[in-house]
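So the chains spell out like this:
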Amino acid sequence: MSLASLTAALAYFQAPVKGSLVHLGGVDIAVIAIYFAMVIYIGFYLKGAANTSEEFFMAGREMTAWIAGLSFVSANLGSLELMGWAGSAYQYGILATHWYWIGAIPAMLFLGIVMMPFYYISKTHSVPGYLSLRYGDGARGLSAVCFAFMTVLMSGINMYSMALVMKVVLGWNLNFSIWVSSITVAIYVALGGLRSAIFNEILQFLLIWLGALLIPIMGLIEAHGWTNLKAQIAQRMGSMQYTHLWSTTAHFRDNPMGIHWTGLVFGLGIAISCGYWTTDFLVVQRVLSAHNLRAARMAPIIGAGFKMMVPFIVILPGLLALSLLPFHLVPQDVAVATGQHSYNEVLPLMLVRYCGPGLLGLGVTALIAGFMSGMAGNVSAFATVWTYDIYGAFMNKKASDSHYVSMGRWCTFIGVLISVGTAYLVQHAASIMDYVQGLFSFFIAPLLGTVLLGMLWKRATKAGGFWGLLSGTCTAIGLFLWVHFNPAALRYVAFSPDAKVMAEDMYRAMWSCSACVLVTVVVSLMTQPKPIQELEGLVYGASKIPEEHDDHWYQKPIVWAGVVAVGFVILNVIFW
Amino acid sequence: MRGHVQIWFFSGILLLTYGVLIAGTGLWELSHPLANPPVLYELHPPIWWGAIMAVAGLIYVLRFRPR
């Protein structure tokens, strides 16, 4: 390489430090460097345990309930999740907590108690794999292609979001953030497969908590407790709306989110939440790696317990910022135009407020860890679905096991490269971000209808599954386009002209899931069902669920699901 | 995972390293105060937060060390 090209290459990664919020010291850099060294070491260490497809794609199905459960939550705790929802809490107040409680806990418990036995005893490698067993290759192909496409796109959007915040907060160059973090993820996932991704997700989960937990602790000390914080927010915002979960949702106009409780319960709590937490392979893959059925059922329940606490490190900092920051945050487009700070920067801003050298490095590492766990989840799920449900199912059915492992490793790199490409695409056309997130939701809600009917209704047929899934997806896209080109249609889609974007998403999910169920039922009743013998291990009423022999009552998953459910109800009542 | 070092051991190593590093930084800052300290710096969060991490890390390292 010539000196000129070397200089050009270095300039590509050079950080434009001008205007950054904070500068990291030596100890902060050391904290970040130790983290990168550790995750890559784990990848190399686990390379020898990823030789067969079962080991590479399913972590050998050897994970304990705790590891699978923490990984299940961590894979979802990406940078968009951390910084985006902290920003939403600043924008909408405590209503953002609904995405962690009603929008997650019931669905996770439902997965553990009702759905997991069918996923687990069918020995499927993926959610599209289950659809193949239940409905045939049509539904499998449709869901696999949509999932693979959306997963790498979402991964790129996550990557861009993280790089943007690193640029604003630390002055890091976008190219530096994108390439260093994505190459690290590609190395450790390609080397150790799902096991390496899961191990690192555990590490990342710990780091996220350790790095972010100090913010609410210090913030509550500064605000003199929760009661004073509520009073300060009410005084500053001139409204009590920001600190109530349900009492302001009787009408769309009564709360900052422009949402109604029916949308929260039926749209978010059932269609979106169950769609995501029970059928999105990104998270379900972690649970499928459990070493037995009991662990597979306990994993989502353990995950639900931790998920219920995440608002403490994500939502509470947003609320604290509403009261304590001496300036107001603005939407992203206004921030770009005026040089102010955007909602999405609330978590780093609060981090800088309380953390000096060392702790600042830990907090930044937590943000990077959040991004990397989300990305590793995306690329490992992409590699599995591509290899098993697209390449292995339609292109090369009879390859050797080692060939599929090799394909999985290459897919990991290719998935990362496509994600990087998406990140650059978003950089030049930021509006794509909104559309891709919308597209992702188009597919998830109808898939819930297809999977649930497949598991719970013996009469559902191959044609019913395929046409139901397709019509549900088309319904979601159609409703989106209707409101996009005719905003007045919002009054029909979301029942009110006062509904805002998030409310529209929820009702659209509800309609698309309903359309999927309706079409699946009608088409199934008009077509020939599978013989009952072929439904063994796939459908309720046609499968013998293996008995679990727990020595004590407190080892039963249903007991712990009850404990989490009671906690969920109590929290909702406290913050009503 | 038979024959492998458990993830909890790796977690312990990381916690212990970070805890020592951060608590050490906090102790050093007692004699070398920051020019622009963050809010509530008088509570010395690096010292107690680092110490908590170090103790938790040590427990994990000892409990899950390879045998």
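Criteria and cut-off values
- Residues numbered from 1 in each chain as written.
- Chains lettered and ligands numbered in written order.
- Predicted model: local features only at pLDDT ≥ 70, side-chain atom pairs only at ≥ 80, totals over all residues.
- Helix = DSSP H or I, 4+ residues; strand = E, 2+ residues; numbered from the N terminus.
- Buried ≥ 20, exposed ≤ 12 C-beta atoms within 10 Å, placed from the backbone.
- Contact = placed C-beta atoms within 7 Å.
- Rg over C-alpha atoms; globule rule 2.2 N^0.38 Å.
- Nonpolar A, V, L, I, M, F, W, Y, C, P; charged D, E, K, R; others polar.
- Axes fitted to C-alpha atoms, helices over the stretch in contact; angles between N-to-C directions.
- Parallel < 35°, antiparallel > 145°, perpendicular 65-115°, else oblique.
- Left-handed = near helix turned anticlockwise from the far one by under 90°.
- Bend = angle between axes of the 7 residues up to and from the residue.
- pLDDT = per-residue confidence, 0-100.

**A look at the overall build of chain A**
Per the secondary structure count, chain A includes 24 helices and zero strands. Its C-alpha atoms give chain A principal-axis dimensions of about 65 × 65 × 55 Å. Within the span of chain A, comprising 576 residues, buried residues form 58% of the whole. Considering only contacts in chain A between residues 6 or more positions apart, those separated by 24 or more positions represent 85%.

**What to know about the overall build of chain B**
A count of helices and strands for chain B gives two helices and zero strands. Whereas a compact globule of 67 residues would reach a radius of gyration of roughly 11 Å, chain B reaches 15 Å, over 25% beyond that. Each principal axis of the C-alpha distribution contributes one length, and for chain B these read about 50 × 20 × 15 Å. Among the 67 residues that make up chain B, the fraction classed as buried is 33%. Taking all contacts inside chain B whose residues are at least 6 apart in sequence as the whole, residues at least 24 apart take part in 83%.

**With respect to the interface of chain B and chain A**
Contact with chain B, which involves 22 residues of that partner, is made by 26 residues of chain A. Of the residues forming the side of chain B that touches chain A, the biggest block, ten residues, is contributed by helix H1 (residues 7–31) of chain B. Of the residues that constitute the side of chain B that touches chain A, the class distribution is 17 nonpolar, five polar and no charged.

**Some points on the packing of helix H9 (residues 174–212) of chain A against helix H18 (residues 359–395) of chain A**
All names here are of chain A. One can describe the packing of H9 onto H18 by two numbers: an axis separation of 7 Å at closest approach and a directional angle of 140°. Classified by the angle their axes make, H9 and H18 are oblique. Crossing hand, H9 versus H18: left-handed. Residue composition of the contact of H9 with H18, by class: 17 nonpolar, twelve polar and one charged.

**Structural notes on helix H12 (residues 261–279) of chain A**
At Ser273(A), H12(A) shows its largest bend, some 40°. Across the 19 residues that make up H12(A), a large majority, 15, are buried.

**Quick word on the confidence of the model for chain A**
Chain-level statistics for chain A give a pLDDT mean of 86 and a share of 94% at 70 or above. Counting contacts from residues 1–18 of chain A, a segment whose pLDDT is below 50, to residues more than four positions away or on other chains yields 13 contacts.

**Overview of unusual backbone geometry**
Leave glycine aside and you will find that most residues have negative phi; peptide bonds, for their part, are mostly trans. Residues and elements named next belong to chain A. For Ala59, which is not glycine, the phi torsion reads 55° and is therefore positive. On the secondary structure map, Ala59 appears in the loop between helix H3 (53–58) and helix H4 (65–74). By the C-beta count within 10 Å, which is 31 here, Ala59 ends up buried. Not every positive phi belongs to a glycine, and Arg61 is a case in point at roughly 45°. Tracing the sequence through the fold places Arg61 in the loop between H3 and H4. Residue classification places Arg61 among the partly exposed positions, given that 19 C-beta atoms sit within 10 Å.

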